[in-house]
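# Architecture and fold: a report
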Amino acid sequence: MGNRETDRPSLASLFTGFVRIGMMSFGGGLAAWTRREVVQTRGWMSEQQFLSGYALSQLVPGATNVNLAVFVGTQMRGVPGALACFLGLTALPVVIVLTAGTIYLHSHTGVWFSIALSGMGAVALGMNLGLGVRLSLNNIRRVGPALITAGIALSIGVFGYRLPYVLAVAMPSSLLLAWWTRKA
Amino acid sequence: MTPVLLQLFWLFTLLSMLAFGGGAGVMPDIQRAAVEQYHWMTAGEFLDMFAISRAAPGPGSLIVILIGQKAAGFPGAAVSFVAMFLPSCLVVHFVARFWHNAARSVWKDVVERALAPVAIGLTFASGLALMRATEHGFMPHALTVGSTAAFAFTRISPLILLAVGALAMLAVAAL
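Remember, it's a predicted structure, so these values are computed and weren't measured experimentally. (Residues numbered from 1 in each chain as written. Chains lettered and ligands numbered in written order. Predicted model: local features only at pLDDT ≥ 70, side-chain atom pairs only at ≥ 80, totals over all residues. Heavy atoms only, no water.)

### What about the overall build of chain A?
Secondary structure assignment for chain A yields seven helices and zero strands. Secondary structure of chain A in N-to-C order comes out as α-α-α-α-α-α-α. When the backbone C-alpha atoms are referred to their principal axes, chain A occupies close to 65 × 50 × 25 Å. Relative to its 184 residues, chain A shows a buried fraction of 55%. Looking at chain A alone, contacts between residues at least 24 apart form 60% of all its contacts between residues at least 6 apart. Working note: accessible area of chain A is about 8100 Å², and carbon and sulfur atoms make up 67% of it. Positive and negative side-chain charges of chain A, numbering 13 and 4 respectively, have mean locations separated by a distance of 9 Å. (Helix = DSSP H or I, 4+ residues; strand = E, 2+ residues; numbered from the N terminus. Buried < 20%, exposed > 50% of the residue type's maximum accessible area, 1.4 Å probe, protein only. Contact = heavy atoms within 4.5 Å. Areas by Shrake-Rupley, 256 points an atom, 1.4 Å probe, with all protein chains shown as cover. Lys, Arg positive; Asp, Glu negative; His and termini not counted. Charge placed at Lys NZ, Arg CZ, Asp CG, Glu CD.)

Shown next as structure tokens:
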């Protein structure tokens, strides 16, 4: 917050930043790549700002990582910023996916390809889980929030409860907890 | 628009609005519609598309353009893209504007601190759910656990680990 006009990244750097995120994210792991670029490499947002945006992007329906790009772009430069980030993230991947799809669906030599893909997918999942570990270590310092994180992770990720029900319990709990522990 | 284009538009608009917590949650619904309801493709073709869109750079939700392309060619891909992303992007844009304009206040600080553990919990939840849905056997699990530790505690380049993951699976399959 409190960014001066001159501190805001240009539309071109928002666009190229999200082109990088889009092009690096083989196999997924987009949230981790986004944090790397937006918080660590470019310093557009603090970790706290990023985390709020990431949470809101997950709570709004739709693809989380696309939502996150629009959130970052809107925060930085309004509508043009949102468009720059969205197009940066999606334009080249759209071309790649359509090309790969056309080639793959018309050839039947895809076995080795799909085996390699599954390995990359497994690593990309680890990338997002590793992001979770890092964010936990950096941001969760009390028992209450730790219980909320663990509750959401286990109820959906292990026990398979539906997300809306879990959030209906977890979100009010988290808000109450944050209200009780607020700083004056 | 032709009936197929209208079906694509309606299907992905609806599902994107139901995709709380990310696109992965509605994948089974997309599969059901594309394979069983509209017969745009076989179950095997859907799984191939799922693998391609997940492995290719960019958001995994781009699977919708492959489905659109299969169902109705290039116009189908374009309609699916707009239907999947326009509504949710508009919503998040207005949420972000509201968030940006909300003055620093006690309640914003409270909401911000309440959102952090939820965001982190959802990150673990979606990772674990995808692991359960897509990974079978020792090697994929070992790769995911190993790379989780590597990303959490080292500064190793993800591209190196992605290559290691691909090679490890190929090696296991070749032996």
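That was the structure; now back to the text.
### Overview of helix 3 (residues 43-55) of chain B
Between its terminal C-alpha atoms helix 3 of chain B stretches 18 Å, which fits the 18 Å expected from 13 residues at 1.5 Å a residue. Restricting attention to buried positions, one finds in helix 3 of chain B the residues Phe46(B), Met49(B), Phe50(B), Ile52(B), Ser53(B), Arg54(B) and Ala55(B). (Expected span 1.5 Å × (residues − 1).)

### Re the interface of chain B and chain A
At the interface, 84 residues of chain B touch 91 residues of chain A. Both sides together, the interface formed by chain B and chain A hides about 8000 Å², and carbon and sulfur atoms give 76% of it. Seen at the junction of chain B and chain A, the total is zero salt bridges. Applying the counting criterion to the chain B and chain A interface returns 21 residue pairs in polar contact (both at pLDDT 80 or more). For the side of chain B that touches chain A, the secondary-structure elements that each account for two or more residues are helix 1 (3-18), helix 3, helix 4 (63-101), helix 5 (106-134), helix 6 (138-153) and helix 7 (158-174) of chain B. In terms of residue count, helix 5 of chain B provides more of the side of chain B that touches chain A than any other element does, 26 residues in total. Looking at the side of chain B that touches chain A residue by residue, the classes come out as 54 nonpolar, 19 polar and eleven charged. (Buried area = accessible area lost by both parts, 1.4 Å probe. Salt bridge = Lys/Arg side-chain N within 4 Å of Asp/Glu carboxyl O. Polar contact = N/O pair within 3.5 Å; in protein donor to acceptor, adjacent residues only side chain to side chain. Nonpolar A, V, L, I, M, F, W, Y, C, P; charged D, E, K, R; others polar.)

### Quick word on the packing of aromatic side chains
What the rule picks out here adds up to five aromatic pairs over all chains. Look at Phe86(A) and Phe81(B): their rings are 5.7 Å apart centre to centre, the planes differ by 45°, and that puts the pair in the tilted class. You can see Phe86(A) sitting in helix 4 (residues 64-106) and its partner Phe81(B) sitting in helix 4, one on each of two chains. Phe86(A) sits in the buried class, given a relative accessible area of 11%. Owing to a relative accessible area of 18%, Phe81(B) belongs among the buried residues under this scheme. With a centroid separation of 6.0 Å and 65° between ring planes, the pair formed by Phe86(A) and Phe85(B) is classed as edge-to-face. Taken as a pair, Phe86(A) in helix 4 and Phe85(B) in helix 4 lie in two separate chains rather than in one. In terms of burial, Phe86(A) and Phe85(B) fall into one category: buried. (Phe/Tyr/Trp six-rings, centres within 6.5 Å; stacked < 30°, edge-to-face > 60°.)

### Focus: the environment of Phe151(B)
Topologically, Phe151(B) is positioned in helix 6. The spacing of Phe151(B) and Leu161(B) is ten residues in sequence and 9.4 Å in space, taken between C-alpha atoms. Not counting residues within four places of it along the chain, the set of residues in contact with Phe151(B) comprises Val123(A), Gly126(A), Met127(A), Gly130(A), Arg134(A), Ile156(B), Pro158(B) and Leu161(B).

### Regarding the pattern of salt bridges
Enumeration over the complete set of coordinates arrives at six salt bridges over all chains. As a salt-bridge pair, Glu47(A) and Arg35(A) come within 2.8 Å of each other at their nearest N and O atoms. Of this pair, Glu47(A) sits in helix 3 (residues 47-59) while Arg35(A) sits in helix 2 (residues 30-41), placing them twelve residues apart in sequence. Classification of Glu47(A) by relative accessible area gives buried; the value is 16%. Glu45(B) is the partner of Lys70(B) in a salt bridge, and the nearest nitrogen-oxygen pair spans 3.6 Å. Of the two residues, Lys70(B) sits in helix 4 while Glu45(B) sits in helix 3, which places them 25 residues apart along the sequence. Its relative accessible area of 36% is what places Lys70(B) among the partly exposed residues.

### A word on the packing of helix 3 of chain B against helix 4 of chain B
All names here are of chain B. With their axes 9 Å apart at the nearest point, helix 3 and helix 4 run at an angle of 140° to one another. Classified by the angle their axes make, helix 3 and helix 4 are oblique. Once helix 3 is placed against helix 4, the crossing between them reads as right-handed. Every residue of helix 4 that contacts helix 3 at Glu-45, Phe-46, Met-49, Phe-50, Ile-52 and Ser-53 is listed here: Ile-63, Leu-66, Ile-67 and Lys-70. Classifying every residue of the contact of helix 3 with helix 4 gives seven nonpolar, one polar and two charged. (Axes fitted to C-alpha atoms, helices over the stretch in contact; angles between N-to-C directions. Parallel < 35°, antiparallel > 145°, perpendicular 65-115°, else oblique. Left-handed = near helix turned anticlockwise from the far one by under 90°.)

### With respect to a nonpolar patch on the surface
On the surface, Phe9(B), Val82(B), Leu86(B), Leu90(B) and Phe94(B) cluster together into a nonpolar patch covering about 450 Å² of accessible area. Along the chain, Leu90(B) turns up in helix 4. (Patch = residues over 30% accessible without salt bridge, like charges linked within 9 Å, V, L, I, M, F, W, Y side chains within 5 Å.)

### Examining the confidence of the model for chain A
Interpretation of this model should avoid reading the predicted coordinates in detail wherever pLDDT is low. All names here are of chain A. Within chain A, residue pLDDT values average 89, and 94% of them lie at 70 or more. Looking at the elements of chain A, mean pLDDT is at its lowest for helix 5 (residues 111-139), recorded as 88, and at its highest for helix 1 (residues 11-24), recorded as 96. Below a pLDDT of 50 lies the segment residues 1-6, which in the model reaches four contacts outside its immediate sequence neighbourhood of four places, other chains included. (pLDDT = per-residue confidence, 0-100.)

### Let's talk about the domain arrangement of chain B
Size of an interface, as often reported, equals the accessible area lost when the parts are brought together. Residues and elements named next belong to chain B. The domain architecture assigned to chain B consists of domain 1 (1-101), domain 2 (104-134) and domain 3 (137-175). Using C-alpha coordinates to define each centre, domain 1 is positioned 24 Å away from domain 2. Where domain 1 abuts domain 2, roughly 520 Å² becomes buried across the two surfaces, and 75% of that area is made up of carbon and sulfur atoms. The set of elements that each furnish at least two residues to the side of domain 1 that touches domain 2 consists of helix 3 and helix 4. Looking at side-chain class alone, the side of domain 1 that touches domain 2 contains three nonpolar, no polar and one charged residues. (Domains from an automatic or database assignment.)

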